Amino acid sequence: MKKIGLILLAFVLLLSACGEPDASPQQSQPAALRVGWLGFPDTLNPAYAFLSESYTMFDLVYSTLMTEQLDGSYAGLLAESWSESEDGLVWTFTLRPNIKWHNGEPLTAEQVVWNINAFIQNSDGWVTNYGYIIGFVEARVLDERTLQIELEYPISNMEFRVSFLYIVYPKDFEGFTTPEDLQNFTNFNPIGTGPFKINTLDKDQRVIILDANPDYFDGRAKLGQLVYRTFDNSDALIQALRVGDIDFAAEVPTSAFEAVKTFEGVTAVALPGRSLSELILNSVPEDHDPVPTRNPAITDPAVRLAIATAINKKDLVDVVLQGQGIPGVSIIPPTLGGGFWFNRNLQDVRFDLAEANRILDEAGYVRGVDGVREKDGIRLDFRLQFPSDSSNYPRAADMIANWLKEIGIKATPSAVDPDSLVVAVNPNADYDLVIWGWGSDPDPDFMLSVMTSEQYVEGGWSDSGYSNPVYDELFAQQQRTLDDAARQKIVWEMQEMVFNDRPYIVLWYDDVLQAYRSDRFAGFIQYPTGIDAFQSLMNVEPVK
């Protein structure tokens, strides 16, 4: 551990000797904010990206037509103005003047239209954009700065949709002939129009250096550089913050948060977030190719109900999160829309080990000599996997395994590399139980889409394989429902369906925990996604 940390530090120092601005805020030149985190982007290609670290980079390097504001409303980013036709079928966007790509070339409406049409026409390739362009027919150029997007039907959340369509440099993406070629393109040297541009990305040393874009259309950032370093574990990351080797910790583990609050010169921040962590139960249809590799008992509704009844979510929050969160119930976090989209009528099952045992007894599962239940030759013996880069999931897995043991279910926890786990859950369907999490979009549309049948394809967002035609129809219906109250009713009904069918058992909604060297930097803004949102980083500057 120490050796890798020293190599990383030496690498950053070497870069400093080659011209990186000094990170000290006392220098007259723009300062470098040194960020520590535990992950690393799997790609900088928005066509096929799943890890949150990639989306952090997208927001810094690329731009979208619109963006979410602090109050949850939407404002223009690339777009200077926009309008909707009376019938809701055509949206017109006028770009800001004098927007430049990182290579100095001007951005044109034609290039934005190329992006939108590529997303529409090659949805198998631009798979992670698919949910945002459902109902789009085509985009067309009106003049150098003006474009239109034609829709199949009026869309209830168009401003939200375009705020997640990252506009890429067309020349870098025009030559791909198959979806696989497009998705395998990592684009680790991207050209964008965002507030920062990649200087160095070293996958071996796991260091990313971004320079402020001097030509950024919304004004240059107050910082000169961002330096991202990936740490092997949270202990090393927090120690680096304490001694001043980094200026910002993008993720503070719950176990360390109270201690970090006492660090001299450091400010710790806790925000109600949009994230949730869930226990995924393999729900992939039997006719999937490949055929699911799982213990078949995991599809039994009685087993699912017993598992849900045997999990003490309050204890998980108190022990694993150290109280920095609340127990979960729905796939829609309670913070979305100020609580408007969260189905507050859902009543979670009560933790009751005796009741969980009764459910399994009644379902015909009998304990063997080793205490593990069995029915028709099938033992309740499950794999319980989780991504290896999580600091919270190992403890949660141990606690869940212990509760399940009390009701005659054997669950074997194991940490798995995140990239390998992605493939295991989709498309291989090779798992029983997985603890993982989501960072939700501000609109419920994305989290609802995760449960649609069409998302369980290679590169799709579904990890449970849940497939319910009624749910799928409701998903399409809520996208077309323009009245918020009517849409809310549909969204609440969909949450209830998922809750009852249990492809997920939502464990908790965790707070965003971050910390920064307040003796060096100021100006952070508390956005719903954290104080490292790109709008916040644009405002950060050295302490005067």
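For the structure, see preceding data.
Below, the structure is looked at part by part. (Residues numbered from 1 in each chain as written. Predicted model: local features only at pLDDT ≥ 70, side-chain atom pairs only at ≥ 80, totals over all residues. Heavy atoms only, no water.)

### Details of the overall build of the protein
Helix and strand counts for the protein stand at 17 helices and 24 strands. Expressed as a percentage of its 544 residues, the buried residues of the protein come to 58%. For the protein, contacts bridging at least 24 residues in sequence account for 69% of all contacts bridging at least 6. Positive and negative charge centroids in the protein, built from 40 and 77 side chains respectively, lie 7 Å apart. (Helix = DSSP H or I, 4+ residues; strand = E, 2+ residues; numbered from the N terminus. Buried < 20%, exposed > 50% of the residue type's maximum accessible area, 1.4 Å probe, protein only. Contact = heavy atoms within 4.5 Å. Lys, Arg positive; Asp, Glu negative; His and termini not counted. Charge placed at Lys NZ, Arg CZ, Asp CG, Glu CD.)

### Quick notes on the sheet that holds strand β10 (residues 225–230)
Note on sheets: strands pair through backbone hydrogen bonds, and any given pair is parallel or antiparallel. Taken in spatial order, the seven strands make up an open sheet running β8-β9-β10-β1-β11-β22-β12, and their pairing is mixed. The open sheet has two edge strands, β8 (196–202) and β12 (266–271), and neither has a second partner. (Pairing = 2+ DSSP bridges.)

### Description of the pairing of strand β6 (residues 136–143)
The pairing of β6 with strand β7 (residues 146–151) spans six bridges and is antiparallel. Bridge pairing in β7 places Phe136 opposite Leu151. Where β6 folds back on β7, the antiparallel hairpin that results is connected by two residues.

### Some points on helix α12 (residues 393–406)
If you check α12, its first and last C-alpha atoms are 20 Å apart, about what 14 residues at 1.5 Å a residue would give, namely 20 Å. Residues of α12 that are buried: Tyr393, Ala396, Ala397, Met399, Ile400, Ala401, Trp403 and Leu404. Just downstream of α12, Gly408 is the residue with a positive phi angle, here 85°. (Expected span 1.5 Å × (residues − 1).)

### Some words on the pattern of salt bridges
Counted under the stated rule, the structure contains 25 salt bridges. A salt bridge links Asp430 to Arg383; the shortest N-O distance between them is 2.9 Å. Pair noted here: Asp430 is in the loop between α13 (418–425) and β20 (433–439) and Arg383 is in strand β18 (residues 381–387), with a separation of 47 residues, a long-range link. Accessibility expressed as a relative area gives 30% for Asp430, which makes it partly exposed. In this structure, Asp443 engages Arg487 in a salt bridge whose closest nitrogen and oxygen atoms are separated by 2.8 Å. Here Arg487 lies in helix α16 (residues 484–501) and Asp443 lies in the loop between β20 and α14 (445–449), a separation of 44 residues in the sequence. On the basis of relative accessible area, Arg487 is assigned to the buried category, the value being 2%. Beyond isolated ion pairs, a larger network of salt bridges with shared partners links Arg34, Asp247 and Arg520. (Salt bridge = Lys/Arg side-chain N within 4 Å of Asp/Glu carboxyl O.)

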